[in-house]
Amino acid sequence: MGKIIAISNHKGGVGKTTTTVNLGAGLAREGKKILLVDLDPQANLTQCFGITKPEATVYEALKGEEALNPVMVIENLYIAPSSLDLAGAEMELSSEAGREYLLDEILTPLKDDYDYLLVDCPPSLGLLTLNAFTCADEVIIPIQAHFLAIKGLTKIIEIINKVKRRINKTIEISGVVITLYDGRKVLHRDIEETIKTYFQEKVYNTKIRQNIALAEAPTRGEDIFRYSANSNGAFDYEKLSQEFIERHKEKKLKNN
Ligand SMILES: Nc1ncnc2c1ncn2[C@@H]1O[C@H](COP(=O)(O)OP(=O)(O)OP(=O)(O)O)[C@@H](O)[C@H]1O
Ligand SMILES: [Mg+2]
């Protein structure tokens, strides 16, 4: 059975979408079957694949109007696209009974069809993110190497803990990924230490370095491996995908 993984940090611009796209593409290249779910009304993930007018969106599925109809982008990699309509979803769906279970209803039946379902969350902790936490097995938090990196993270941890107590007993923060890293900067190395002190073994050994190709790839509608296979970005996300697979292998062994 597949696992649902929410990629979340309510701070904006920390690399959530870039990580969802390229970790997803990296895992697909390692032979895993992946569904990427665009849960952000900005629809950046959808745009990263050059999809401008999706036929069926996550929004329509949340409203119960359409079944989720994932689109295959490359072998093993599927996307459930979003559109700007999702911006209204938070308001519209807020009065629905069981409003935090809407995504769970859609994704849980798909868990047998994929190895991993990666959910790209918006930069907020509203109803959409709550929906992601309600059905997620795990949360991965990308953190930008920035001097305010840790500030505000207590909020997301508090919410995940509340969800764990009240709604989803098995959710866990399974990983923290340091993004936009520049090892030449003492500041970034200091920040890495702070993040490791705080999150300890949850921090992935692989850090994602600043790399312009990662910012350029979406303009071509491509993941980093197709856009620039020899870039540092491709190297880092390949390493991250391999570390992800290793960690999940170890976890499976522990649980058996
Ligand atoms: N490692 C990197 N090197 C260079 N640019 C990057 C890197 N990671 C992300 N970017 C760029 O930084 C910007 C923010 O990244 P991204 O959209 O992935 O963040 P986000 O957390 O999803 O943002 P939001 O909170 O708005 O959803 C984008 O323009 C992206 O292309
Ligand atoms: Mg994003």
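Placed above this text is the structure.
Predicted, not measured: the structure shown is a model, and the values here were computed from it.

Asker: An account of the environment of threonine 46 is needed here, citing residue identities and associated values.
Answerer: One can find threonine 46 in helix 2 (residues 44-48). When the 27 C-beta atoms within 10 Å are taken as the criterion, threonine 46 is described as buried. Linking threonine 46 and leucine 36, residues ten residues apart in sequence, is a C-alpha distance of 9.3 Å.

Asker: An account of the sheet that holds strand 3 (residues 71-74) is needed here, citing residue identities and associated values.
Answerer: Read from one edge to the other, the open sheet built from seven strands follows the order 3-4-2-5-1-6-7, with strand pairing classed as mixed. Single-partner strands in this sheet number two, and they are strand 3 and strand 7 (172-179). Averaged over all neighbouring strand pairs, the angle between strand axes comes to 25°, with direction disregarded. Sheet topology places strand 3 next to strand 4 (residues 77-80); three bridges connect them, and they run antiparallel. By the bridge assignment for strand 4, methionine 72 is matched with tyrosine 78. Contacts from helix 1 (residues 16-29) reach strand 1 (3-7), strand 2 (34-38), strand 3, strand 4, strand 5 (116-120), strand 6 (138-144) and strand 7, with the element oriented near 165° to strand 5.

Asker: Would you mind going over the site of ligand 1 in detail, with residue names and values included?
Answerer: Taken together, 19 residues are adjacent to ligand 1, and Lys16, Thr17, Thr18, Pro123 and Ala215 come closest. For the shell around ligand 1, the secondary-structure elements that each account for two or more residues are helix 1 and helix 9 (212-216). Across the shell around ligand 1, the residue classes tally to seven nonpolar, ten polar and two charged.

Asker: Please provide a residue-by-residue account of unusual backbone geometry, values included.
Answerer: What you tend to see is this: most non-glycine residues have negative phi, and most peptide bonds are trans. For alanine 43, which is not glycine, the phi dihedral falls at a positive 55°. In this fold, alanine 43 is placed in the loop between strand 2 and helix 2. The phi dihedral of asparagine 76 falls on the positive side, at around 75°, and the residue is not glycine. Position of asparagine 76 relative to the elements: it lies in the loop between strand 3 and strand 4. By the C-beta count within 10 Å, which is 18 here, asparagine 76 ends up partly exposed.

Asker: I'd love a proper account of the pairing of strand 5, names of residues and values included.
Answerer: Counting buried positions over the five residues of strand 5 gives five, a clear majority of the element. The alternating pattern of strand 5 places Tyr116, Leu118 and Asp120 and Leu117 and Val119 on opposite faces, both of which are buried. The pairing of strand 1 with strand 5 spans five bridges and is parallel. Note on strand 5: the bridge partner recorded for alanine 6 is valine 119. Looking at chain direction, strand 2 and strand 5 are connected through five bridges and run parallel. Counted as the bridge partner of aspartate 38 is aspartate 120 from strand 5.

Asker: Kindly report on the packing of helix 1 against helix 11 (residues 232-255), identifying the contributing residues and their values.
Answerer: In the contact formed by helix 1 and helix 11, the axes pass within 8 Å of each other and the chain directions differ by 65°. Relative to helix 11, the element helix 1 is oriented roughly perpendicular. Relative to helix 11, helix 1 is oriented so that their crossing is right-handed. Along its contact with helix 1, which presents Asn22, Leu23, Gly26 and Leu27, the element helix 11 presents Tyr237, Glu238, Leu240, Ser241 and Phe244.

Analysis parameters
Residues numbered from 1 in each chain as written. Chains lettered and ligands numbered in written order. Predicted model: local features only at pLDDT ≥ 70, side-chain atom pairs only at ≥ 80, totals over all residues. Helix = DSSP H or I, 4+ residues; strand = E, 2+ residues; numbered from the N terminus. Buried ≥ 20, exposed ≤ 12 C-beta atoms within 10 Å, placed from the backbone. Pairing = 2+ DSSP bridges. Axes fitted to C-alpha atoms, helices over the stretch in contact; angles between N-to-C directions. Contact = placed C-beta atoms within 7 Å. Near = placed C-beta within 6 Å. Nonpolar A, V, L, I, M, F, W, Y, C, P; charged D, E, K, R; others polar. Parallel < 35°, antiparallel > 145°, perpendicular 65-115°, else oblique. Left-handed = near helix turned anticlockwise from the far one by under 90°.

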